[in-house]
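Summary of the model geometry
Chain residues, written in single-letter form:
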Amino acid sequence: MDRSMLSNAVLALLVAVTVTSLWALGETRFDAYVSLYALDYMVVKSILKPRRTTFDFLAVSLLLAFSVAVALRVLEVLGVGP
Amino acid sequence: MVLDTYRGTGLALALSSAVLSAFSYLSLGLSPITALWVGVLVVGLSMFSTPTEEGAKLSEFASTMLANLLENIGRTIEGLSIRSRAVYRASGDSVYIIFTDGFSRVDLDKVSTDSFISRIGDTKVLVLKSPIARVHTEGLGDVCSSFEEVVVDRLNLAESIECVDRNREVIAKVVKPKLLPSKTLERTTGNICSILLASIAALLKGGEWTVLEKCELDQCLVRVGVFERYG
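What you are looking at is a predicted structure, and each value in this text was computed from that prediction instead of being measured. (Residues numbered from 1 in each chain as written. Chains lettered and ligands numbered in written order. Predicted model: local features only at pLDDT ≥ 70, side-chain atom pairs only at ≥ 80, totals over all residues. Heavy atoms only, no water.)

1. Considerations on the interface of chain B and chain A
- Across the contact, 27 residues belong to chain B and 21 residues belong to chain A.
- In total, chain B and chain A occlude about 2,200 Å² of area from one another, counting both sides; carbon and sulfur atoms represent 66% of this.
- The largest contributions to the chain B side of the interface with chain A come from Pro32(B), Val42(B) and Pro51(B), which together make up 24% of the buried area.
- Applying the counting rule to chain B against chain A returns zero salt bridges.
- The tally of links between chain B and chain A comes to seven residue pairs in polar contact (both at pLDDT 80 or more).
- Put simply, the parts of the chain that give the side of chain B that touches chain A at least two residues each are helix H1 (5-28), helix H2 (32-48) and helix H4 (143-154) of chain B.
- Looking at the side of chain B that touches chain A element by element, the count peaks at 12 residues for H2(B).
- Of the residues assigned to the side of chain B that touches chain A, the class counts are 13 nonpolar, eight polar and six charged. (Contact = heavy atoms within 4.5 Å. Buried area = accessible area lost by both parts, 1.4 Å probe. Salt bridge = Lys/Arg side-chain N within 4 Å of Asp/Glu carboxyl O. Polar contact = N/O pair within 3.5 Å; in protein donor to acceptor, adjacent residues only side chain to side chain. Helix = DSSP H or I, 4+ residues; strand = E, 2+ residues; numbered from the N terminus. Nonpolar A, V, L, I, M, F, W, Y, C, P; charged D, E, K, R; others polar.)

See the structure below:
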């Protein structure tokens, strides 16, 4: 199997395991799911290095979403956030 | 935009999951169901952004033929008694490999890539065309990714690559190379992986590049760096 297609298959498996695990644990926070999706994608990208047709906008978007989720959580802990 | 089945499926997944996640958000808010559809969206987008043109992997039969063809470079250089490191320079979409008796006596700006062999003053200059061209690195981004794609995925010359790009120097470890190194080639240009790495570096980073260390052992370590001109 092509390396890039293998990475997509692994990503799909990781996303499925992430959703199943968090849901089974009763996790309802949306940002927890998105943060783990970002982690899954980065792990697959760094290990399998899939090819992309253009610049990897998906990686940037997920990283941004992860950063926002972490920032909101930090603000919440500090008592400043919404 | 041409879409094959794989990318089309990815696009369909992405679009449908985008609609479903929007619907879930509007009806249920930020819930695990919405997160599930966002997860499917991520997978769909990943599939859609994966290039799927046929990347033919060279068989061992063809790889050996390539190695024998490239050995002619070494034989030519030895036959002409040129003993120097090669300098790799990109010109347009091609890469040229420049050999000369002494780089200290030659102004590289005066070297024409149109001639196979020429003289600048008393110095012989040999110019060969690299097997690597810009078409081989399109859509691949950085030097290390391109090198791995060419050596492992396309030419099947090694099992894997570990590579570090230090801007003016690139170091790559070729794990389990599948071709025996050619002594003739190694005495002159370095092995096939050296030629490929230096060519890719010249194409993607510009400037002039040379091979600093060559492959000697089973676990090949290749180092290429920017060529420092004399004077």
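2. Describing the state of the cysteines
All names here are of chain B.
- Applying the stated rule across the entire model yields one disulfide over all chains.
- Between Cys-144 and Cys-163 runs a disulfide, and the two sulfur atoms are separated by 2.1 Å. For the disulfide bridge between Cys-144 and Cys-163, the dihedral angle about the S-S bond is near -65°, and by the sign convention the bridge is left-handed. Of the two residues, Cys-144 is situated in helix H4 and Cys-163 in strand S5 (residues 158-165); the sequence distance between them amounts to 19 residues.
- The partly exposed category is assigned to Cys-163, whose relative accessible area is 23%. (Disulfide = S-S within 2.5 Å. Buried < 20%, exposed > 50% of the residue type's maximum accessible area, 1.4 Å probe, protein only.)

3. A closer look at the pattern of salt bridges
- All chains considered together, the criterion is met by 12 salt bridges over all chains.
- Ionic pairing is found between Asp56(A) and Arg52(A), a salt bridge with its closest N-O pair at 3.9 Å.
- The exposure class assigned to Asp56(A) is buried, which follows from its relative accessible area of 10%.
- Glu162(B) is the salt-bridge partner of Lys173(B), the closest N and O atoms lying 3.6 Å from each other. Linking Lys173(B) in strand S6 (residues 169-177) with Glu162(B) in strand S5, this pair joins segments that are 11 residues apart in sequence.
- Residue Lys173(B) is classed as partly exposed on the basis of its relative accessible area, which comes to 25%.
- With relative accessibility at 44%, the residue Glu162(B) sits in the partly exposed group.
- What emerges from the salt-bridge pattern is a single network uniting Asp31(A), Arg73(A) and Glu76(A).

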